[in-house]
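# Structure at a glance
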Amino acid sequence: MSALGNSIGRGAASAFVLAAVVLAGCAAKLPAPGEIHDPYEAENRETHDMNKRLDQAMFKEGSGGPPGPIGQAVSNLRNNLGLPRMVVNSTLQLRPEPAAKNTLRFAINTTLGIGGIFDPAGHWFGLTEETTDFGETLHVWGVGEGNYVELPVIGPSTERDAVGRFVDLLIDPALLLANGEEKAAILALRIAARSVDRKRYAATVNSILYDSADSYAQSRLLYLQNRRFELGGDAATEAELFDPYEDPYAE
Amino acid sequence: MPNDLLSRRNLMISAVAGGMAAAMPLPALALNDSQARALIIKAVDDVNRAIASGKTGPALYSDFERIFIKYGDVPIIARSALGVAARQASAAQMAAFTKAFQGYLSRKYGKRFREFIGARFEVVGAKPVKTFYEVKSTAIFKGQAPFEVLWHVSDKSGQDRFFNLIIEGVNLLAAERTEIGAMLDRRRGNIDALIQDMKTAG
């Protein structure tokens, strides 16, 4: 089972490398910031309500705040194990610089940081994570974001980014090298680290989920704007900036 | 969403403005790069001081409200957040809405600023965009990649004021238009009921 998974993973990875070589250099055009494609809104809203109920059951109000040393270690370990996957993605995007930075970061934190429990690369050398994923790789290859989707448990995403999440599981070197038990451990670590994140950003997440008049619309807007910024930077948003002094509403 | 007439009007304004820009060697802005930058440096200093004060809850929110009034063009932010409904509102309603909006925004972002404790803001640059200035600042957390906060500054109110914030691509005016729109829908378009709701929201 695991061997089969591995060979599929490796096959997929080499196919992607080939595709990267063919497709690189034709990044998808980003939609305008105000543009939202949400034909599945009714289904998405149902998933959103379900996600909110799950969140409420798992995180009591007021339990937020920055992590303690254990929480921080869990978060650091998860981040460190994610670096090889990001290096793979940067390589597929033909972006050598973030690939090199993350490789160095991985080497430092795995050794000096005792397997990634600590983050000396970030704290001592200013070598912070160059975050990327297969959704971004698809973007670089020219795949548009598709429709907005809210995924069960995971939350806001797009069709492209949902595919990206799935492929990231197949091309993740940490998962490809792990045996069955190790895979389960990695998964448990990710869930635990996600819970640390949820608590760290409790004020903002609670404000969006529970104080908003339409938490679905808010999370959709915030996700899409932030994601497009991650993929395209400032240039992506510049053409569409509000000028309320010129705006018809502002009379 | 602007209707056809308004977009045509906007097109004309842009055409005239474009013509003017072409005719003049420099952009016709009273505000300049260093003034816009100076405003945000002061605002960022006040934000840094508020975060470092160790205040929490209402005491911190009222600090934010003061910063917001001092450096922000509150009336234009409120009007823009209310969107089309601002056209039907009376002057008294607009005044009440603006006041309620200012408290709402300070509570809402005051809460979220708890996550900025330990961060340091730095102004890194300014450039003209459209008819205003964009000042770029970064929030620096030890050991983390810095993240970007853009401040949009204009002097169209008669004073140098910021009117929008963009945090890692998330546009505050856009988010508030969506939120205030949803609050207004819940009240079936009744602005007075919306104003009442806003006094406790955020």
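The name given to chain B in an unreviewed UniProt entry is ABC transporter, with the source organism recorded as Pseudothioclava arenosa.

Under the annotation held in an unreviewed UniProt entry, chain A carries the name ABC transporter and is attributed to Pseudothioclava arenosa.

## Observations regarding the overall build of chain B
Tallying secondary structure elements over chain B gives eight helices and five strands in all. Each helix and strand of chain B, ordered N terminal to C terminal, gives the series α-α-α-α-α-α-β-β-β-β-β-α-α. Taking all 202 residues of chain B together, 36% fall into the buried category.

## Re the overall build of chain A
A count of helical and extended segments in chain A gives 12 helices and two strands. Each helix and strand of chain A, placed in order from N terminus to C terminus, yields the pattern α-α-α-α-α-α-β-β-α-α-α-α-α-α. When burial is assessed residue by residue, chain A has 31% of its 251 residues classed as buried. Sequence separation of at least 24 residues holds for 70% of the intrachain contacts in chain A that already meet a minimum separation of 6.

## Observations concerning the interface of chain A and chain B
Taken residue by residue, the interface counts 35 residues in chain A and 41 residues in chain B. Where the side of chain A that touches chain B is concerned, the elements lending two or more residues are α5 (120–125), α10 (202–210), α11 (215–232) and α12 (234–238) of chain A. Of all the elements, α11(A) adds the most residues to the side of chain A that touches chain B, at eight residues. Split into classes, the residues belonging to the side of chain A that touches chain B amount to 15 nonpolar, 11 polar and nine charged.

## Quick word on the environment of Thr91(A)
Residue and element names in this part refer to chain A. Take Thr 91: it is sitting in helix α3 (residues 69–92). The class for Thr 91 is partly exposed, based on 17 C-beta atoms found within 10 Å. Sequence spacing of Thr 91 and Thr 137 is 46 residues, and the spatial spacing of their C-alpha atoms is 9.1 Å.

## A look at the sheet that holds strand β1 (residues 120–129) of chain B
Residue and element names in this part refer to chain B. Strand order in this open sheet of five strands is β1-β2-β3-β4-β5, and the pairing throughout is antiparallel. Strands at the two margins of the open sheet, each flanked by one partner only, are β1 and β5 (170–171). Note that strand β2 (residues 132–140) and strand β3 (residues 147–154) share seven bridges and pair antiparallel. The residue of β3 that forms the bridge with Thr 138 is Glu 148.

## Here's the deal with the environment of Val170(B)
Along the chain, Val170(B) falls in strand β5. Sequence separation of Val170(B) and Ile69(B) is 101 residues, and the distance between their C-alpha atoms is 21 Å. Residue contacts for Val170(B): discarding those within four places in its chain leaves Leu222(A), Gln225(A), Asn226(A) and Ala175(B).

## Re the confidence of the model for chain A
Detailed reading of the predicted model is not advised wherever pLDDT is low. Averaged over all residues, the pLDDT of chain A equals 87, while 83% of them reach at least 70. Contacts from residues 1–5 of chain A, a stretch scored under 50 in pLDDT, to residues over four places away or in other chains number two contacts.

## What about the packing of α3(A) against helix α4 (residues 96–111) of chain A?
Residues and elements named next belong to chain A. Here α3 crosses α4 at 160°, and the two axes come no closer than 8 Å. It follows that α3 is roughly antiparallel to α4 by the angle criterion. Note on packing geometry: the crossing formed by α3 with α4 is left-handed. Contact with α3, carried on its side by Asn 80, Leu 83, Pro 84, Met 86, Val 87, Ser 90 and Thr 91, involves Pro 98, Ala 99, Asn 102, Thr 103, Arg 105, Phe 106, Asn 109 and Thr 110 of α4 and no other residues of that element.

## Here's the deal with the packing of helix α3 (residues 57–71) of chain B against helix α6 (residues 91–112) of chain B
All names here are of chain B. Where α3 meets α6, the axes come as close as 8 Å, and the angle between the chain directions of the two elements is 125°. Here α3 is positioned oblique relative to α6, judged by the angle of their axes. The element α3 and its partner α6 pack so that their crossing is right-handed. Between α3, through Leu 60, Tyr 61, Phe 64, Glu 65, Phe 68 and Ile 69, and α6, the contact on the second element is made entirely by Gln 102, Gly 103, Leu 105, Ser 106, Arg 107, Tyr 109 and Gly 110. Looking at side-chain class alone, the contact of α3 with α6 contains seven nonpolar, four polar and two charged residues.

## Topic: unusual backbone geometry
You will see that Ile114(A), though not glycine, has its phi angle at about 50°, which is positive. By the element assignment, Ile114(A) lies in the loop between α4 and α5. The class for Ile114(A) is partly exposed, based on 13 C-beta atoms found within 10 Å. Backbone geometry at Lys130(B) places phi at a positive 50°, although glycine is not the residue there. Its place among the elements puts Lys130(B) in the loop between β1 and β2. C-beta crowding within 10 Å serves as the criterion here: with 18 such atoms nearby, Lys130(B) is assigned to the partly exposed category.

## Notes on the pairing of β1(B)
Residue and element names in this part refer to chain B. Of the strand pairs in this sheet, β1 and β2 are connected by nine bridges, and their pairing is antiparallel. Paired with Lys 127 across the two strands is Glu 134, which belongs to β2. Here β1 hands over to β2 after two residues, with Lys 130 in that stretch at a positive phi of 50°.

## Let's talk about the confidence of the model for chain B
Residue and element names in this part refer to chain B. For chain B, mean pLDDT is 83; residues scoring 70 or higher make up 85% of the total. Here residues 1–28 is a poorly scored stretch, pLDDT under 50, and it has 10 contacts once near neighbours within four places are set aside; other chains count. The ipTM assigned to the predicted complex is 0.81, against a pTM of 0.84.

## Examining α6(B)
Between its first and last C-alpha, α6(B) extends 31 Å over 22 residues, near the 32 Å set by a 1.5 Å rise per residue. In the core, the buried residues of α6(B) are packed alongside α10 of chain A together with α3, α4 (74–82) and α8 (191–198) of chain B.

## Some points on the nonpolar core
The tendency in soluble globular proteins is for nonpolar side chains to be buried as a group. Ala36(B), Ile40(B), Phe101(B), Val135(B), Val153(B) and Phe162(B) are the most contacted members of the largest nonpolar core, which has 56 residues in total. Broken down by element, this core gets its largest block of residues, eight residues, from helix α2 (residues 33–52) of chain B. Apart from the residues lying within four places of it in its own chain, the contact partners of Phe101(B) are Ala78(B), Ala81(B) and Met198(B). Counting residues in each nonpolar core, the second largest holds 13 residues, with Val140(A), Trp141(A), Val167(A) and Ile171(A) among its members.

How each quantity is defined
- Residues numbered from 1 in each chain as written.
- Chains lettered and ligands numbered in written order.
- Predicted model: local features only at pLDDT ≥ 70, side-chain atom pairs only at ≥ 80, totals over all residues.
- Helix = DSSP H or I, 4+ residues; strand = E, 2+ residues; numbered from the N terminus.
- Buried ≥ 20, exposed ≤ 12 C-beta atoms within 10 Å, placed from the backbone.
- Contact = placed C-beta atoms within 7 Å.
- Nonpolar A, V, L, I, M, F, W, Y, C, P; charged D, E, K, R; others polar.
- Pairing = 2+ DSSP bridges.
- pLDDT = per-residue confidence, 0-100.
- Axes fitted to C-alpha atoms, helices over the stretch in contact; angles between N-to-C directions.
- Parallel < 35°, antiparallel > 145°, perpendicular 65-115°, else oblique.
- Left-handed = near helix turned anticlockwise from the far one by under 90°.
- Expected span 1.5 Å × (residues − 1).
- Core = buried A, V, L, I, M, F, W, Y, C linked by C-beta atoms within 7 Å.

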